[in-house]
Amino acid sequence: MISQMVTVPADGVVLTGDLVVPTPARAVVLFAHGSGSSRLSPRNRMVAAELRTGGFGTLLMDLLSEQEEPRDTLTAEYRFDIPLLGRRLVAAIDWLEVQPETRGLQVVLFGASTGAAAALVAAAERNHRVLTVISRGGRPDLAHDALSRVRTPVLLIVGGRDPEVLRLNQVAARQLWAPHSLRVVPGATHLFEEPGALEQVAATAKEWCDERLKALRHAAEERRW
């Protein structure tokens, strides 16, 4: 297993990430954290650890530079700039494409909160490279017109006790043309802090990724015939 801190040039800045890739890896999951969070988010790290048990590489990356983070803490000017965050995820997807450890691997985008909107924007720009998009307690509605341009399958995971975010996910789902599924975790609030809630998110995400890889292999076999 390869585990290292990496730097990713994106949008005129340098972003820091933690890359872990098992050998062999089936795909790589790029995490987009939510507003006010970072690559050190314990919730995303827990999900990433579970996905690695299934043979998936993970890249947890800060979407803001070291200079931007303190400014955003004071002004919140970057965390809701979805086009900016989306461009940085596109740069990370392109970076993964040329790294020896991840070259040729399908990319899964896993977004939380506003990071889910950025993931959908990036997927719309790199449909051919993205296996699927997974949103945890996300705000896919903030992706706006990018929703109709996403062609890769989308999984929306929402807590059952997060009614406003659930409503916004339902609205966004109606704008998706790609195959999609909305899964509700009973009893979970926005941050999935209840016992067992985050474990259910991780298990659902891993199962969904397994299904997407199987579908990809099946499609490739059909083309050969």
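The sections below set out a description of the structure shown in this document. What you see is a predicted model, and the numbers here were worked out from it, not measured in a lab.

What counts and how
Residues numbered from 1 in each chain as written. Predicted model: local features only at pLDDT ≥ 70, side-chain atom pairs only at ≥ 80, totals over all residues. Heavy atoms only, no water. Buried < 20%, exposed > 50% of the residue type's maximum accessible area, 1.4 Å probe, protein only. Helix = DSSP H or I, 4+ residues; strand = E, 2+ residues; numbered from the N terminus. Pairing = 2+ DSSP bridges. Contact = heavy atoms within 4.5 Å. Core = buried A, V, L, I, M, F, W, Y, C linked by side-chain atoms within 4.5 Å. Axes fitted to C-alpha atoms, helices over the stretch in contact; angles between N-to-C directions.

## What about the pairing of strand S3 (residues 27–32)?
Phase 1: Of all 6 residues in S3, 6 are buried; the element is thus mostly enclosed.
Phase 2: Alternating positions in S3 separate into two faces, Ala27, Val29 and Phe31 on one and Val28, Leu30 and Ala32 on the other, with burial throughout.
Phase 3: Of the strand pairs in this sheet, S3 and strand S4 (residues 56–61) are connected by 5 bridges, and their pairing is parallel. From the neighbouring strand, Ala27 faces S4, where its bridge partner is Phe56.
Phase 4: Bridging between S3 and strand S5 (residues 107–112) involves 5 bridges; their strand directions are parallel. Following the sheet pairing, Ala32 is matched in S5 by Gly111.

## Some words on the side chain of Lys206
Phase 1: Here Lys206 is to be found in helix H6 (residues 197–224).
Phase 2: Judged by relative accessible area, which is 19%, Lys206 ranks as buried.
Phase 3: In contact with Lys206, not counting residues within four places along its chain, are Glu50, Leu51, Thr53, Gly54 and Phe56.

## With respect to the nonpolar core
Phase 1: Counting 49 residues, the largest nonpolar core has Leu30, Leu59, Leu89, Leu96, Leu109 and Val133 as its most contacted members.
Phase 2: Broken down by element, this core gets its largest block of residues, 10 residues, from helix H3 (residues 82–98).
Phase 3: Aside from chain neighbours lying at most four places away, what touches Leu59 is Val6, Gly17, Asp18, Leu19, Val29, Leu30, Phe31, Trp95 and Leu96.

## Let's talk about the sheet that holds S4
Phase 1: Reading across the sheet, the 8 strands line up as S1-S2-S4-S3-S5-S6-S7-S8 and stay open at both edges, with mixed pairing between neighbours. The open sheet terminates on both sides in strands that have one partner only, identified here as strand S1 (2–10) and strand S8 (180–185). Averaged over neighbouring strand pairs, the angle between their axes works out to 20° when direction is ignored.
Phase 2: Direction of pairing for strand S6 (residues 130–136) relative to strand S7 (residues 154–159): parallel, over a ladder of 4 bridges. When the bridges of S7 are listed, Arg136 appears paired with Ile157.
Phase 3: Packed onto the sheet, H3 meets S1, strand S2 (13–21), S3, S4, S5 and S6 and runs at close to 125° relative to S1.
Phase 4: Contacting S3, S5, S6 and S7, helix H4 (residues 114–125) crosses the sheet at an angle of about 150° to S5.

## A look at unusual backbone geometry
Phase 1: A cis amide bond links Thr23 to the next residue, Pro24, at an omega of -5°.
Phase 2: Its place among the elements puts Pro24 in the loop between S2 and S3.
Phase 3: With a phi close to 60°, Asp11 is a non-glycine residue in the positive phi region.
Phase 4: Checked against the element boundaries, Asp11 lands in the loop between S1 and S2.
Phase 5: The class of Asp11 is partly exposed, set by a relative accessible area of 39%.

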